[in-house]
Amino acid sequence: MDSGRAFYIGRFQPYHLGHQFVLENIAREVDEIIIGIGSAQASHEQSNLFTAGERVLMMTKALEELSIKHYIIPIEDIQRNSVWVSHVISLTPPFNVVYSNNPLVICLFNEAGFEVRQSPLFLREQYSGTQIRHRMRTGKEWKSLVPQSTFDVIKEIGGVERLKMISNKDSV
Ligand code: NAP
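Residues numbered from 1 in each chain as written. Predicted model: local features only at pLDDT ≥ 70, side-chain atom pairs only at ≥ 80, totals over all residues. Heavy atoms only, no water.

### Details of the pairing of strand 1 (residues 5–10)
Within a regular beta strand, the side chains point alternately toward one face of the sheet and then the other, so they alternate between its two faces. Most of strand 1 is tucked away: five of the six residues are buried. Bridge analysis of strand 1 against strand 2 (residues 32–37) gives six bridges, and the strand direction is parallel. If you follow Tyr8 over to strand 2, its bridge partner there is Ile35. The parallel pair strand 1 and strand 2, bridged by helix 1 (residues 17–27), forms a crossover whose chirality is right-handed. As defined by bridge partners, strand 1 adjoins strand 4 (residues 97–99) across three bridges and the pair is classed as parallel. Residue Phe7 lies in a different strand from strand 4, and its bridge partner there is Val98. (Buried < 20%, exposed > 50% of the residue type's maximum accessible area, 1.4 Å probe, protein only. Helix = DSSP H or I, 4+ residues; strand = E, 2+ residues; numbered from the N terminus. Pairing = 2+ DSSP bridges. Right-handed = clockwise from strand over helix to strand, strands pointing away.)

If you want it as structure tokens, here you go:
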């Protein structure tokens, strides 16, 4: 099936093999994919560890293997859900279908008249940003859950050390 240009959004904290699997599947159905990096303003938090630029870096290399044309666009959150779809549209190339599993995202795009398709994650318990950050914090193996590029970026920026540092409770 061919559907033109699709929009897929996630926080990608970090970008992992579950996301890659979803994108490979979407690539079979459309000509081009716009990937929105959600909560672009957030970083250096336990649940939002990486900056938008770091997430762009992780994804750009990993997606080189994907032969589909794609655009990676950081998108900051805004305070009003009712105008979020217009906010997204103002920042992205035009698209005619949305892929998401997030109930709020589905609701907002449906109400704006878009076709929304579900995009279930592959092996959800294993490939989860929360699970990967937990493994990084506790010194467990996580390299096998992410593309090599994500591993390289996290190593380059000292991501594990950052996570451990900001997870420390001030004892004073
Ligand atoms: P999210 O908050 O990043 O993820 C929510 C959960 O869904 C995470 O556990 C995530 O797993 C999981 N998930 C991601 N992709 C999935 C998939 N294909 N299948 C099953 N589970 C999946 O939400 P998101 O949907 O990925 O991203 C939505 C973004 O839009 C967020 O940045 C949100 O802030 C933004 N947004 C903003 C507004 C506003 O500003 N008013 C309104 C709506 C949405 P992982 O952790 O493993 O990725």
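### As for the pairing of strand 2
For strand 2, the tally of buried residues reaches six of six residues, placing the bulk of the element in the interior. What you see with strand 2 is no split at all: Glu32, Ile34 and Gly36 on one side and Ile33, Ile35 and Ile37 on the other are buried throughout. With six bridges connecting them, strand 2 and strand 3 (residues 69–74) associate as parallel partners. Within strand 3, the position partnered with Ile37 by the bridge is Pro74. In this fold, strand 2 hands off to helix 2 (residues 52–62), which returns the chain to strand 3; that crossover is right-handed.

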